[in-house]
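A look at the structure
Residues per chain, in single letters:
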Amino acid sequence: MFPLLAEQGGIFNLFNYLTFRTGGAVFTSMLICFITGPSIIKWLKSKQKKGQPIRDDGPQSHIVAKAGTPTMGGFMILLGLCVSTLLWADLGNPYVWAVLIVTLSFGTIGFVDDYLKVTKASSDGVPGRLKFIIELAIGLSVAWWLASLVEPTLALPFFKKLLINLGIFYLPFACLVIVWAGNAVNLTDGLDGLAIVPVMIAASAFGLIAYLVGNTVYSDYLGIAYVAGSGELAVLCGAIIGAGLGFLWFNAPPAMVFMGDTGSLALGGALGTIAVITKHEIVLGIIGGLFWLETISVIVQVLSFKLTGKRVFRMAPLHHHYEQKGWAEPTIVIRFWIIAVMLALVGLATLKLR
């Protein structure tokens, strides 16, 4: 919407600048969350008498502290993110719509899952297999669309413009990146502020990556693949950051609301789609390494228990393992944030170390 004002010239010429619109997206999405947050939380509380169902196999202090807290706060994030993107981004850019489609689709899956959990007062929502199949269908559909917009190649970090043509394997690869990212963030969302800050850190990194990849001068200088139009995703990343900050205001310990699958699946899917478009899927694995750790801990736990009857961790995902070891929640959260920052810096270093 606002980019159209640039045609008026004069002071409106500012809307031609990607950096200005990205800053505007951060501020707008944050403001929307600040303004609507109290009303949304009040409404969620009125509909969720018992709040989000809490696993009863965790620390007793965790169960007592979280009981009664409403979930589905991801709706607040999606509202701020989408409205801000529609205001500040170039809506003629297909990449913006690709990310928004995945974000809203995954958010809808998460919303239904959260709704079933709170109405049943149970941790059982949408059956896992059904949820995974729907996510795959969405991921494949978007991957097929993106295949008509970008080359079906995989860029390797540390090598200048080395692109591997994936051919027919591009569709399943892109789909799995999107689906993995959505579920990895979902698994990480278990403590107050644990998921949203690493998501903002990853969004900040990919906002910069999108800006560089979409600029012929910078992409040529750094030796990274150039994707025309991908720079517009920096605006969307800015909207994620702003919405994340607004949500964190209410999610800071002790949380007034949880984002639930509504937010975590949507945000993860958005990051995965941005990584696919900018051809930095492997770098997402580095920047989002914390999400990998959480995912792998669950996989290892399940496989170990099925094969040997023994558990590797006291509880999975990984953050619950440290809870069981007696670590205080703020200690776990802040240390995981530090890890997320370090991994983001390593991921960004790959842009130059080629």
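Above this text is the structure in question.
The structure reproduced in this document is the subject of the present report. Being a predicted model, the structure only gives us computed values, none of them experimental.

Let us now look at the overall build of the protein. Scanning the protein from terminus to terminus reveals 14 helices and two strands. Taken against the 2.2 N^0.38 rule, which gives 20 Å for 354 residues, the C-alpha radius of gyration of the protein at 20 Å falls within 12% of a compact globule. Split into buried and exposed, the 354 residues of the protein put 52% on the buried side. In the protein, the share of contacts with a sequence separation of at least 24, taken over all contacts with a separation of at least 6, comes to 76%. Across the protein, the centroid of the 23 positively charged side chains sits 6 Å from that of the 18 negatively charged ones.

In this section: a nonpolar patch on the surface. Together, Phe27, Leu31, Phe34, Ile35 and Trp249 make up an exposed nonpolar region whose accessible area comes to about 560 Å². It is helix H1 (residues 18-47) that provides the largest number of residues to the nonpolar patch, a total of four residues. With respect to the helices, strands and loops of the structure, Leu31 is situated in helix H1. On the basis of relative accessible area, Leu31 is assigned to the partly exposed category, the value being 36%.

Looking now at the packing of aromatic side chains. A full pass over the atoms with the stated rule returns six aromatic pairs. An aromatic cluster is present here, built from Tyr322, Trp327 and Phe336 joined pairwise through their rings. A cation over an aromatic ring shows up here: Arg335 above the ring of Trp327, its NZ or CZ 4.8 Å from the ring centre.

Turning our attention to the state of the cysteines. For the structure on display, the rule yields zero disulfides. Free cysteine: Cys33, not disulfide-bonded; nearest cysteine sulfur from Cys82 at 11 Å. A residue is classified by how much of its surface remains accessible, and Cys33, at 0% relative accessible area, is buried.

What follows deals with helix H14 (residues 329-349). Its 21 residues place the ends of H14 31 Å apart at the C-alpha level, agreeing with the 30 Å of an ideal helix rising 1.5 Å per residue. Those residues of H14 that sit buried are Glu329, Ile332, Val333, Phe336, Ala340, Ala344 and Gly347. Buried positions in H14, seen along its axis, are confined to an arc of 105° and lie on one side of it. Those residues of H14 that are exposed and angled more than 90 degrees off the buried face are Met342 and Leu345.

Of note, the amide linkage connecting Pro253 to Pro254 takes the cis form, showing an omega dihedral of -10°. For Pro254, the position within the fold is in the loop between helix H9 (233-251) and helix H10 (260-278). Residues Ala316 and Pro317 are joined by a peptide bond in cis, for which omega reads 0°. As for its position among the elements, Pro317 is in the loop between helix H12 (289-308) and helix H13 (318-324). Located in the positive-phi region is Met72, a residue other than glycine, with phi close to 70°. Mapped onto the elements of the fold, Met72 is located in the loop between helix H2 (60-66) and helix H3 (74-88). Residue Phe158 is not a glycine yet carries a positive backbone phi of 75°.

Time to look at the packing of helix H6 (residues 170-188) against H12. Between H6 and H12, whose axes approach to 8 Å, the crossing angle comes to 80°. Our classification of the angle between H6 and H12 gives roughly perpendicular. Along its contact with H6, which presents Trp180, Ala184, Val185, Leu187 and Thr188, the element H12 presents Phe291, Trp292, Glu294, Thr295 and Val298.

Further remarks concern empty space enclosed by the protein. One pass over the structure, following the stated rule, counts two cavities of 30 Å³ or more. Every residue along the wall of the second largest cavity is listed here: Pro198, Ile201, Ala202, Ile287, Leu290, Phe291, Ala340 and Ala344. Going through the elements one at a time, helix H7 (196-213), H12 and H14 are the ones with two or more residues in the lining of the second largest cavity. Residue composition of the lining of the second largest cavity, grouped by class: eight nonpolar, no polar and no charged.

In this section: the packing of H3 against helix H4 (residues 94-120). Contact geometry of H3 with H4 gives a least axis separation of 12 Å together with a crossing angle of 160°. Comparing their axes, H4 and H3 come out roughly antiparallel. Crossing of H3 over H4 shows left-handed handedness. In contact with Leu78, Leu81, Cys82, Thr85 and Leu86 of H3, H4 contributes Val96, Trp97, Leu100, Thr103, Leu104 and Gly107. Taken together, the residues that form the contact of H3 with H4 break down as eight nonpolar, three polar and no charged.

Reading guide: rules and limits
- Residues numbered from 1 in each chain as written.
- Predicted model: local features only at pLDDT ≥ 70, side-chain atom pairs only at ≥ 80, totals over all residues.
- Heavy atoms only, no water.
- Helix = DSSP H or I, 4+ residues; strand = E, 2+ residues; numbered from the N terminus.
- Rg over C-alpha atoms; globule rule 2.2 N^0.38 Å.
- Buried < 20%, exposed > 50% of the residue type's maximum accessible area, 1.4 Å probe, protein only.
- Contact = heavy atoms within 4.5 Å.
- Lys, Arg positive; Asp, Glu negative; His and termini not counted.
- Charge placed at Lys NZ, Arg CZ, Asp CG, Glu CD.
- Patch = residues over 30% accessible without salt bridge, like charges linked within 9 Å, V, L, I, M, F, W, Y side chains within 5 Å.
- Areas by Shrake-Rupley, 256 points an atom, 1.4 Å probe, with all protein chains shown as cover.
- Salt bridge = Lys/Arg side-chain N within 4 Å of Asp/Glu carboxyl O.
- Phe/Tyr/Trp six-rings, centres within 6.5 Å; stacked < 30°, edge-to-face > 60°.
- Lys NZ or Arg CZ within 6 Å of the ring centre and 35° of its normal.
- Disulfide = S-S within 2.5 Å.
- Expected span 1.5 Å × (residues − 1).
- Arc of directions from axis to C-beta.
- Axes fitted to C-alpha atoms, helices over the stretch in contact; angles between N-to-C directions.
- Parallel < 35°, antiparallel > 145°, perpendicular 65-115°, else oblique.
- 1 Å grid on protein atoms, 1.4 Å probe; cavity = no way out; pocket = protein on both sides within 12 Å on 5 of 7 lines; lining within 4 Å.
- Points joined across faces, edges and corners; volume = space filled by probe spheres on them.
- Nonpolar A, V, L, I, M, F, W, Y, C, P; charged D, E, K, R; others polar.
- Left-handed = near helix turned anticlockwise from the far one by under 90°.

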